[in-house]
Structures are given as C-alpha cells and as structure tokens.
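# Descriptive structure summary
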Amino acid sequence: MSVNLAEGLSAGVRALGLDLGLDQQQRLLDYVALIQKWNKVYNLTALRDPADMLTHHLLDSLTAVVPLTRYTQGRAVRLLDVGSGGGLPGVVLAICMPELEVTCVDTVAKKAAFVQQVAASLKLPNLRGLHARVESLTDPYGVICSRAFASLPDFVTWSRSALAEDGVWMAMKGKHPQEEIDALPADVRVFHVEPLTVPGLAVERCMVWIKPETV
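Right, let's walk through the structure included here. (Residues numbered from 1 in each chain as written. Predicted model: local features only at pLDDT ≥ 70, side-chain atom pairs only at ≥ 80, totals over all residues. Heavy atoms only, no water.)

## A few points about the side chain of threonine 63
Applicable threshold: Counting from the N terminus, the helices are DSSP H or I runs at least four residues long and the strands are E runs at least two residues long. When a residue's accessible area, from a 1.4 Å probe over protein chains only, is under 20% of the maximum for its type it is buried; when over 50% it is exposed; and in between it is partly exposed. In protein, a polar contact requires one atom able to donate a hydrogen and another able to accept it; more generally it is a pair of N or O atoms within 3.5 Å, and residues adjacent in sequence count only if both atoms are side-chain atoms.
As for its placement among the helices and strands, threonine 63 is situated in the loop between helix H3 (50-62) and helix H4 (65-72). Accessibility expressed as a relative area gives 6% for threonine 63, which makes it buried. A distance of 2.6 Å separates a polar side-chain atom of threonine 63 from the backbone oxygen of aspartate 60.

As structure tokens, this is what we get:
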C-alpha cells in the first residue's frame, strides 16, 4: 500500500485516540489491499479509490473501537457483525481488539467467504465469516453490531435470537435516527446514543446502544 495511505491511517488513528501498534495498522492496510484485490470477484464495495476506502470504510469503522472498548473493559466478548458484507466493521474490530471473538454474518455466500479469506490471510484466529440469515442464529453473542445495515426495529427483531441474556445491540448509524428509535419494540430500550466523528469526513455519524428491557 502507498505511503500516503499508511500516513492517512496513522493520522486517523491518532485523531481517534487509538493505541494501535504498527502491526495492527499494517493489518488494516493489508485488509484494504485484499478488498481492492477481490472487489471485482466478490462485489464488496462500490468504492474504487483507496483513499475513499480509507475514510469511508476503515476510519468510519474505527470510530467504534473506543466506545466498544469502554463497554467491554477488555473482557473477552463474542461479537456478531450483522450484514457484514466485506467485514465492516467486524474485521476492523477483530484486528484492533484481539480479545473479541468476531463472527461476520452475511446472506451472500461470497462475502462470508471473503471474510474467511481475510481471517486466513491476516492470521486472525478471532475472526470468522458465516453464510447465514441472522434470524436463524441461536448461539448467544454478548454484542451484536451493525453498520448501515437496516432500520433499528428490523435489526433488533431479526437478530434477537442470537443475543446473549445480558447482551447489547450496537448500531452504527448516520444522523440521529429518532424515528427508528421511536419505532423500536416496547420491550427494548435505547440506553445511550453517542456522536461519532470520522477523521477526514464531514458527515453525521452516531452509535446507538440498545438492550432488552428488564422486567
């Protein structure tokens, strides 16, 4: 990958206040290279410019690391990335937070296969790609996340059978989705919404934290 891309990633990592080693940053760059290499075969992203992939994919996904770390406190947590596509943010989280056990689920077999390929190529034993409908999953996950996947009510309803008893949903969204929040099922509640700032992108982003209502 080009020096400019490496510098852009390094600057973004600093701006986000992340403590990532050089090996982790190299893996992130290698991941972008794999997306570029296999994009035509797997139809992973409409973006073709590596600089756009850096901001719109890598740095955008990296905004989840600090909030998620604050939540997990370094605990080993099983995380399910729903509608993961080419592995965003799941692959990024697996690289940055090796204590996580990350499963990226997608209904498109090629995309799940690509994530498996990434896990092997980048030597990430804590990452796997899964070809399935999320509604069919019953293994419990402590965190279920999504990035620009579906409306909050659909996201919560479809993935509910995979949520651990004390688990939470973490949805990465654009602008504050008040209408979607209002439409959530009565037995779940939003307990936190936090704004996210993507280095190099002048866009609205936020993270919505949801959990089942305890009786």
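After presenting the structure, the write-up continues.
## What to know about the layout of surface pockets
Here is the rule we go by: A cavity here means a set of 1 Å grid points, computed over protein atoms only, where a 1.4 Å probe fits but cannot escape. A pocket is an open set with protein on both sides within 12 Å along at least 5 of 7 lines, and lining residues have an atom within 4 Å of a point. Grid points are joined across faces, edges and corners, and a volume is the space filled by probe spheres set on the points. Only Asp, Glu, Lys and Arg are considered charged, only Ala, Val, Leu, Ile, Met, Phe, Trp, Tyr, Cys and Pro nonpolar, and every remaining residue, Gly among them, polar.
Considering only enclosed or pocket space, the largest pocket measures out at about 310 Å³ in volume. What lines the largest pocket is a set of 19 residues, among which His57, Asp60, Leu88, Arg147 and Ala148 lie closest to the centre. Classifying every residue of the lining of the largest pocket gives seven nonpolar, seven polar and five charged.

## Considerations on the packing of helix H2 (residues 22-42) against H3
Where we set the bar: Whenever a helix is involved, its axis is fitted only over the stretch in contact; in every case the axis is a line through C-alpha atoms, and angles between N-to-C directions fall within 0 to 180 degrees. Note that the term roughly parallel is reserved for angles under 35 degrees, roughly antiparallel for angles over 145, roughly perpendicular for angles of 65 to 115, and oblique for everything else. For any helix crossing, the convention is left-handed if the near helix is rotated counterclockwise from the far helix by under a right angle, and right-handed if that rotation is clockwise. Contacts are assigned to residue pairs with any non-hydrogen atoms lying within 4.5 Å of each other.
The N-to-C vectors of H2 and H3 enclose an angle of 125°; their axes lie 11 Å apart at closest approach. One way to sum up the angle between H2 and H3 is to call them oblique. H3 is crossed by H2, and the crossing has right-handed handedness. In contact with Leu28, Tyr31, Val32, Ile35 and Gln36 of H2, H3 contributes Pro50, Met53, Leu58 and Leu62.

## Regarding the pairing of strand E7 (residues 205-212)
Note the threshold: At least two bridges found by DSSP between two strands are what make those strands a pair.
Pairing of strand E5 (residues 163-173) with E7 involves five bridges; the strand directions are antiparallel. Within the sheet, the bridge partner assigned to lysine 173 lies in E7 and is cysteine 206. Of the strand pairs in this sheet, strand E6 (residues 188-196) and E7 are connected by eight bridges, and their pairing is antiparallel. Within the sheet, the bridge partner assigned to proline 195 lies in E7 and is cysteine 206.

## Comments concerning the nonpolar core
One broad rule of soluble globular proteins: the nonpolar side chains tend to lie buried together. Applicable threshold: In plain words, nonpolar cores are sets of buried Ala, Val, Leu, Ile, Met, Phe, Trp, Tyr and Cys residues tied together by side-chain atoms within 4.5 Å.
Counting 52 residues, the largest nonpolar core has Leu9, Leu28, Tyr31, Leu62, Leu68, Leu93 and Leu127 as the members making the most contacts within it. Residue contacts for leucine 28: discarding those within four places in its chain leaves Leu9, Leu20, Leu58, Leu62, Val92, Ile95 and Cys96. Within the second largest apolar cluster, 22 residues are counted, among which are Val134, Leu184, Cys206 and Ile210.

## Thoughts on the sheet that holds E7
Sheet architecture is open: seven strands sit in the order E3-E2-E1-E4-E5-E7-E6, paired in mixed fashion. The sheet is open, and its two edges are formed by strand E3 (127-131) and E6, each paired on a single side. Each strand of the sheet is rotated relative to its neighbour by a mean of 20°, with strand direction disregarded. Of the pairings in the sheet, the one linking strand E4 (residues 141-147) to E5 comprises six bridges and is parallel in character. The residue of E5 that forms the bridge with arginine 147 is methionine 172. Packing of H4 onto the sheet brings it into contact with strand E1 (78-82), E4, E5, E6 and E7, and relative to E7 it is tilted by some 25°. Across the sheet, helix H6 (residues 109-121) lies against strand E2 (101-106) and E3, angled at about 165° from E3, the strand it touches most.

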